[in-house]
Amino acid sequence: MIRIAAVGDVHVDKDVVGRFRPALEELPDRADALLVAGDLTRHGTVEEAKCFATEFGGLAVPVVVVLGNHDHQSDQEQQVAEVLTNSGITVLECSATVLEIRGHRLGIAGAKGFGGGFAGACASNFGEREMKTFVGTTEEISARLGEALRSVRCDALVALTHYSPVPDTLVGEPLEIYAFLGCYQLGHAIDSAPTALALHGHAHHGSERGRTPGGVPVRNVAHPVIKQAYNVYQLLSESVDAPLVPA
């Protein structure tokens, strides 16, 4: 069994440093790796990235993250990623990594993702240049995520995104903003590989559990949804859902 701790939307700045750390220090007893599903910072500045690295770096388990829309706000996403990488944190963007955990290979493919909506209520790659650019971005990121997922050779495969791949985990958010919270193309990408679990954030008022059309379990791990420092999920076991830990 592989145990994955996951959270998203922690929005770290100076005033948050120290809030998560006590629970994170307990991770080696509870999980084998920590995955963070974007919105690591409030405004995507280098200083906030350093705060995130202070809070989430240097742990006794591997930490793998994707960036979120907040992490792009200041147009410093490359510098943010560099700060995190230099702190020993793995940053994925349409890419994958493999962790060796007690004789098992855990594959993680990650991408920020993008909006666009879901079947019956989605934007189309048609019309004005601005709309074609918007949907084209969604299609490109999703296609590259699918390629990253299919490239991994492992015992258990996880998809890590910020935007949601399904509408199920958006329930609780206004229907009018679903198109800005995720897209069906991410779900198709996840279903194109033998993915065991998909994790995302972004939907602060959404629901935790859903499934892709192909049946892959999807979990919304946004901090306002799970309401603790992280949830733990199990792979290579009968259920992905571990008993809740008071973290």
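None of these values were measured; they are calculated from a predicted model.

1. Comments concerning the nonpolar core
Thinking step 1. Counting residues in each nonpolar core, the largest one holds 31 residues, and the members touching the most others are Leu27, Leu34, Val36, Phe52, Phe56, Leu84 and Tyr230.
Thinking step 2. Only strand S1 (2–7), helix H1 (21–24), strand S2 (33–37), helix H2 (46–56), strand S3 (63–66) and helix H3 (77–86) provide two or more residues apiece to this core.
Thinking step 3. The greatest single-element share of this core, amounting to 5 residues, is contributed by H2.
Thinking step 4. Ignoring sequence-local partners within four residues, the contact set of Val36 consists of Val7, Gly8, Phe52, Phe56, Val63, Val64, Val65, Val66 and Leu160.
Thinking step 5. Leu92, Ile108, Leu197 and Tyr233 belong to the second-largest nonpolar core, a separate cluster that totals 22 residues.

2. Describing H2
Thinking step 1. Where H2 is concerned, the buried positions are Glu48, Ala49, Cys51, Phe52, Ala53, Glu55 and Phe56.
Thinking step 2. If you follow the buried residues of H2, they end up packed against S1, H1, S2, S3 and H3.
Thinking step 3. Of the residues trailing H2, Gly58 is marked for its positive phi of about 65 degrees.

3. Points about the side chain of Thr169
Thinking step 1. Mapped onto the secondary structure, Thr169 falls in the loop between strand S9 (156–161) and helix H5 (184–191).
Thinking step 2. Among the polar contacts made by the side chain of Thr169, one reaches the side chain of Ser164 at a distance of 3.1 Å.
Thinking step 3. With residues up to four places along the chain from it excluded, the contact list for Thr169 reads Ser164, His200, Ala203, Gly206, Ser207, Glu208, Arg209, Gly210, Val218 and Asn220.

4. Digging into the UniProt feature "domain: Calcineurin-like phosphoesterase" (unreviewed entry) in the protein chain
Thinking step 1. UniProt records the feature "domain: Calcineurin-like phosphoesterase" (unreviewed entry) at residues 2–75, using the numbering of this structure.
Thinking step 2. Across residues 2–75 one finds 20% helix and 20% strand; the C-alpha atoms that close the span lie 36 Å apart.

Cut-offs and rules
Residues numbered from 1 in each chain as written. Predicted model: local features only at pLDDT ≥ 70, side-chain atom pairs only at ≥ 80, totals over all residues. Heavy atoms only, no water. Core = buried A, V, L, I, M, F, W, Y, C linked by side-chain atoms within 4.5 Å. Buried < 20%, exposed > 50% of the residue type's maximum accessible area, 1.4 Å probe, protein only. Helix = DSSP H or I, 4+ residues; strand = E, 2+ residues; numbered from the N terminus. Contact = heavy atoms within 4.5 Å. Polar contact = N/O pair within 3.5 Å; in protein donor to acceptor, adjacent residues only side chain to side chain. UniProt positions renumbered as here; feature names shortened; annotations may be inferred.

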